[in-house]
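# Structure at a glance
The primary structure of each chain is shown beneath.
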Amino acid sequence: MIMPLGSSIIAILLIWRHRTISLYDTRYYYEVGIGNASRTFWFTTPPEVGLDVPYTFGLIGDLGQTFDSNATLTHYEMNPIEGKTVLFMGDISYADTYPDNDNTRWDSWGRFAERSTAYQPWIWTTGNHEIDFAPKLGETEPFKPYTHRYQVPFEASESTSPFWYSIKRASAYIIVLSSYSAYGKYTPQYEWLEKELRKVDRTETPWLIIMIHSPLYNSYMYHYMEGEPMRVLFEPWFVKFKVDVVFSGHVHAYERSERISNIGYSIVNGDCSPVKDESAPVYVTIGDGGNLEGLAFNMTEPQPMYSAFREASYGHAIFDIKNRTHAYHSWHRNQDGYAVTADSVLFYNRYWYHHEQRLHASS
């Protein structure tokens, strides 16, 4: 079904914003501007949520607006495994790194990324470069440029803030968290996450995905251990509720972990080393979008046992959900051909893995 263009497009966009479009997997056209300055774009609504609905996500983080940023976005667009929605791990325009927090850089980034963002959804995580706190310039409202440009449907998931929210997409339940908002015990983000994890129905949305900017596991020297307070607080929940994967950015490189956890510590046993854990998520750092600060080459040595693969190169990744049990993850370097995979792994869904293990044990 194709919607007509013209004056009715404003109504179409308002309907979409208030989530009353009821047609799944349908292309809609929309028009921006008036007269000779008008331009036409389109987007496709997602498929109906369901147990075995396949869906493909692109993974990009710390993109910025450089030559390497352009290469990353081009490689993503040309990848034969076509992404339908981008999961963005934070640090968008890097406007705060320019003199006087140059807000025109937000606009130039919007024009740069329009070739993708105008046609498919991007699910946003806030990074440290979105804080944009500049009291010397009279700007004392954190995240102001970001929140005025990028609106998310946080109220639909009963969140009180646009910095943490959830979205159902096909067979995935995506939970977005904020590294730079209070998350300690009794805070709004903590209490929301505690309730949200209990709401996930793995017989409806089997894939449970967490997005956060600062990695909880990181073997690079850059931003080392920055995610530790959140890991200590939330990792037991991630294991208990069998989160499949945690995607992060922040570190300007790529890394994929084994399935590990570090939740056995007590003051008595002193056990504070990660161990392999089949109920734990895989942690993927994808902060290699192309930002102007450069790559994170310095790594801790030797490579820790929990780190399965790591490399400081620009690139993007794909998370391709096949059905309730399997998904294919691949990472693609910018310096390679569009179809070249530098790292890949086949995911076995954590909920259904344990479910089938129990069935086999009882048969």
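Now for a description of the structure that goes with this document. These numbers were taken from a predicted model, which means no experiment stands behind them.

### What to know about the sheet that holds strand β9 (residues 245-248)
- Taking strand neighbours across the sheet as the criterion, the seven strands line up as β6-β7-β8-β9-β13-β10-β14 in an open arrangement whose pairing is mixed. In the strand order of this sheet, the two ends are held by β6 (165-169) and β14 (307-311), each with one partner. Here the average twist between neighbouring strands, direction ignored, is 15°.
- Each of β6, β7 (172-176) and β8 (207-211) is contacted by helix α5 (residues 188-199), which is oriented at about 175° to β7, the strand it contacts most.

### Re the side chain of His-213
- Within the secondary structure layout, His-213 lies in the loop between β8 and α6 (228-240).
- Polar side-chain contacts of His-213 include one of 3.2 Å to the side chain of Asp-91.
- Reaching out from His-213, the side chain makes a polar contact with the side chain of His-250 at a distance of 3.1 Å.

### With respect to the sheet that holds strand β5 (residues 122-124)
- Ordered in space as β5-β4-β3-β15-β16-β17, the six strands form an open sheet in which the pairing is mixed. The open sheet has two free edges, formed respectively by β5 and β17 (343-348), since each of these has just one partner strand. Taking each pair of neighbouring strands and ignoring which way they run, the sheet shows an average axis angle of 20°.
- Bridging between strand β4 (residues 85-88) and β5 involves three bridges; their strand directions are parallel. The residue of β5 that forms the bridge with Leu-87 is Ile-123.
- Where helix α2 (residues 67-78) meets the sheet, its contacts fall on β3 (55-60), β4, β5, β15 (315-321) and β16 (326-333), and the angle it forms with β15 comes to roughly 25°.

### Examining the pairing of β4
- On β4, burial covers both faces: Thr-85 and Leu-87 on one face and Val-86 and Phe-88 on the other are all buried.
- Note on the crossover from β3 through α2 to β4: the handedness is right-handed.
- Where the polypeptide runs from β4 across helix α3 (residues 104-117) and back to β5, its parallel neighbour, the crossover connection is right-handed.

### Observations regarding α6
- With 13 residues, α6 extends 18 Å from end C-alpha to end C-alpha; this agrees with the ideal 18 Å at 1.5 Å per step.
- Considering bend angle alone, the principal kink of α6 is centred on Phe-234 and spans about 45°; proline Pro-236 follows within four residues of it.
- Residues of α6 that are buried sit in contact with α5, β8, β9, β11 (260-261) and β13 (282-286).
- One or two residues past the end of α6 sits Lys-242, with phi positive at roughly 55°.

### Digging into α5
- Here α5 is twelve residues long and its end C-alpha atoms lie 17 Å apart, about the 16 Å a rise of 1.5 Å per residue gives.
- Within α5, the full set of buried residues consists of Gln-189, Tyr-190, Trp-192, Leu-193, Glu-196 and Leu-197. End-on, the buried residues of α5 take up no more than an arc of 160°, which puts them together on one face. Turned more than 90 degrees away from the buried face of α5 sit Lys-195 and Arg-198, all of them exposed.
- Buried residues belonging to α5 abut β6, β7, β8 and α6.

### Quick look at the packing of aromatic side chains
- Under the defined criterion, the tally for this structure stands at 33 aromatic pairs.
- With a centroid separation of 5.8 Å and 20° between ring planes, the pair formed by Tyr-28 and Phe-43 is classed as stacked. Of this pair, Tyr-28 sits in strand β1 (residues 27-32) while Phe-43 is found in strand β2 (residues 39-44), placing the two residues 15 residues apart along the sequence.
- Relative accessible area serves as the criterion here: at 4%, Tyr-28 is assigned to the buried category.
- The exposure class assigned to Phe-43 is buried, which follows from its relative accessible area of 11%.
- Between Tyr-190 and Phe-234, the aromatic rings sit 6.2 Å apart at their centres with planes inclined by 35°, giving tilted as the arrangement. Taken together, the positions of Tyr-190 in helix α5 and Phe-234 in helix α6 put the pair 44 residues apart, joining distant regions of the chain. Phe-234 matches Tyr-190 in its accessibility class, with the two residues each being buried.
- Put simply, the rings of Phe-88, Trp-106, Trp-109, Phe-112, Trp-122, Trp-124, Tyr-146 and Tyr-150 touch in pairs and so form one group of aromatic residues.
- Above the face of the Trp-42 ring, Arg-27 is positioned so that its terminal group lies 3.6 Å from the ring centre.
- One Lys or Arg, Arg-324, reaches over the ring of Trp-352 and ends 5.0 Å from the middle of that ring.

### Quick look at the nonpolar core
- The biggest cluster of nonpolar side chains holds 75 residues, and the ones touching the most others in it are Phe-57, Leu-87, Trp-124 and Phe-319.
- If we ignore the near neighbours within four places in the chain, the residues touching Trp-124 are Phe-88, Ile-92, Trp-109, Thr-117, Tyr-146, Tyr-150, Val-152, Tyr-165 and Val-176.

### So, the packing of α2 against α3
- Contact geometry for α2 and α3: axes closest at 11 Å, N-to-C directions at 10°. Relative to α3, α2 is oriented roughly parallel. In contact with Ser-69, Asn-70, Leu-73, Thr-74, Tyr-76 and Glu-77 of α2, α3 contributes Phe-112, Ala-113, Arg-115 and Ser-116.
- In terms of residue class, the contact of α2 with α3 is built from four nonpolar, four polar and two charged.

### Quick notes on the pattern of salt bridges
- Summed over the entire model, instances satisfying the criterion amount to 17 salt bridges.
- For Arg-115, the salt bridge is made with Glu-77, and the minimal N-O distance between the two is 3.0 Å. Of the two residues, Arg-115 is situated in helix α3 and Glu-77 in helix α2; the sequence distance between them amounts to 38 residues.
- For Arg-115, a relative accessible area of 31% translates into the label partly exposed.
- With a closest N to O distance of 2.5 Å, Arg-231 and Glu-235 form a salt bridge. Here Glu-235 and Arg-231 lie together in helix α6, a separation of four residues that amounts to about one turn. For the pair formed by Arg-231 and Glu-235, the shared burial category is buried.

Procedures and definitions
- Counting of residues starts from 1 at the beginning of each chain's written sequence and follows it residue by residue.
- Local features in this predicted model are restricted to residues of pLDDT 70 or higher, and side-chain atom pairs are both shown and tallied only at a pLDDT of 80 or more, whereas totals for entire chains, interfaces and linings draw on every residue.
- Just so you know, side-chain values use all the structure's heavy atoms and leave hydrogens and water out.
- The pairing criterion for strands is at least two bridges between them, as found by DSSP.
- Only DSSP runs of H or I covering at least 4 residues are called helices, and only runs of E covering at least 2 are called strands; the numbering of each starts at the N terminus.
- An axis is simply a line fitted to the C-alpha atoms; with a helix, the fit covers only the stretch in contact. Between two such axes, the angle follows the N-to-C directions and lies from 0 to 180 degrees.
- Two residues form a contact once any of their heavy atoms are found within 4.5 Å.
- Polar contacts, as used here, are pairs of N or O atoms within 3.5 Å; protein pairs need one atom able to donate a hydrogen and one able to accept it. Residues neighboring in sequence count only if both atoms are side-chain atoms.
- Under the scheme applied here, a residue whose accessible area is under 20% of the maximum for its type counts as buried, over 50% as exposed, and between as partly exposed, the area being computed with a 1.4 Å probe on protein chains only.
- Orienting the strands away from the viewer, one traces the path from the first strand over the helix to the second; a clockwise path indicates a right-handed crossover.
- By this rule, a helix spans an expected 1.5 Å times one less than how many residues it contains.
- Fitting one axis to the seven residues ending at a residue and another to the seven starting there, the bend at that residue is the angle between the two axes.
- The reported arc concerns the directions from the helix axis to the C-beta atoms and nothing else.
- Any Phe, Tyr or Trp ring, taking Trp's six-membered ring, that has another such ring centre within 6.5 Å forms a pair; planes under 30 degrees apart are called stacked, those over 60 apart edge-to-face, and the others tilted.
- Here, a charge over a ring is recorded when the distance from Lys NZ or Arg CZ to the ring centre is within 6 Å and its angle to the ring normal is within 35 degrees.
- Buried Ala, Val, Leu, Ile, Met, Phe, Trp, Tyr and Cys residues that are joined via side-chain atoms within 4.5 Å together make up what is termed a nonpolar core.
- Our angle categories are set so that under 35 degrees counts as roughly parallel, over 145 as roughly antiparallel, 65 to 115 as roughly perpendicular, and the remainder as oblique.
- Residue polarity is assigned by list, with Asp, Glu, Lys and Arg as charged and Ala, Val, Leu, Ile, Met, Phe, Trp, Tyr, Cys and Pro as nonpolar; anything else, Gly included, falls into the polar class.
- When a carboxyl oxygen of Asp or Glu lies within 4 Å of a side-chain nitrogen of Lys or Arg, that pair is called a salt bridge.

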